[in-house]
Amino acid sequence: MTDAEYRSQCRRIKQFASLWRKKLGLDWWNLDLKYARSLQEFDFSEDLNACKSTVAYTHSQYEYLQAQVTFNVPEIASFDDTQLEEIILHEFMHILLCETRYGNNCECPFDPKREERVATVLARAFQRTRHATRTP
C-alpha cells in the first residue's frame, strides 16, 4: 500500500468515525483511533493468521470512558463506503456494549459471539435509520 493509498483509507475511516462519534454520545469518551499499516502493527493475538481477515478491533475501559479502535488499513481498502460505515459502527457498538460483559454475581459466562451479533445488528439498525431519515 502506497503512502497516498494509506492516507486515503485513513481519511475514509476518520470521516465515518467523526460522523458517528457525536451521534452515539462517544464524544464524551477519550476515543483513540489507530491505523495499522501492516499485520505486525495490527496484531492483537498470538496468531497473525487470525488477524488477516479481521478489519478492526476495540479495547474499552468503560469505567474511565476510554476506548481504542485499531483498524487494519490494508484490509479496509477492500470495503466500499457502506461496508466501512458498518464496520465503524460495529466497533463503536463494542464500546457501548463493553460494560455488559461484566455482571454482578452473574453465573452466565461471557459469550463473545453474542456480543458480535448484537454489535452487528445495532450497527445495521443505526445505519439504516440514518439512511432512512436523510433528506434529499
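Everything quoted here is computed from the prediction, not taken from an experiment.

**Student:** Is there a simple way to explain the sheet that holds strand 1 (residues 30-36) in this structure?
**Tutor:** Two modes of strand pairing occur in sheets, parallel and antiparallel, and in both the strands are linked by backbone hydrogen bonds. Spatial ordering of the open sheet is given by 1-3-2, a layout of 3 strands whose pairing is mixed. At either end of the open sheet lies a strand with only one pairing partner, and these are strand 1 and strand 2 (56-61). Averaged over all adjacent pairs, the angle separating strand axes in this sheet is 15 degrees, with direction ignored. As paired elements, strand 2 and strand 3 (residues 66-72) share 6 bridges and run antiparallel to each other. Across the sheet, residue Q61 finds its bridge partner in strand 3, namely Q66. Lying over the sheet, helix 1 (residues 3-23) contacts strand 1 and strand 3, oriented at roughly 160 degrees with respect to strand 1. Contacts from helix 5 (residues 81-97) reach strand 1, strand 2 and strand 3 within the one sheet, and its direction differs from that of strand 2 by about 25 degrees.

**Student:** Just checking my understanding: could you explain the side chain of H90 for this structure?
**Tutor:** On the secondary structure map, H90 appears in helix 5. Judged by relative accessible area, which is 11%, H90 ranks as buried. Within the structure, H90 has its side chain in polar contact with the side chain of T120 (distance 3.0 Å). In contact with H90, not counting residues within four places along its chain, are E116, A119, T120 and A123.

Rules used throughout
- Residues numbered from 1 in each chain as written.
- Predicted model: local features only at pLDDT ≥ 70, side-chain atom pairs only at ≥ 80, totals over all residues.
- Heavy atoms only, no water.
- Pairing = 2+ DSSP bridges.
- Helix = DSSP H or I, 4+ residues; strand = E, 2+ residues; numbered from the N terminus.
- Axes fitted to C-alpha atoms, helices over the stretch in contact; angles between N-to-C directions.
- Contact = heavy atoms within 4.5 Å.
- Buried < 20%, exposed > 50% of the residue type's maximum accessible area, 1.4 Å probe, protein only.
- Polar contact = N/O pair within 3.5 Å; in protein donor to acceptor, adjacent residues only side chain to side chain.

All we've got here are geometric facts, nothing functional implied.
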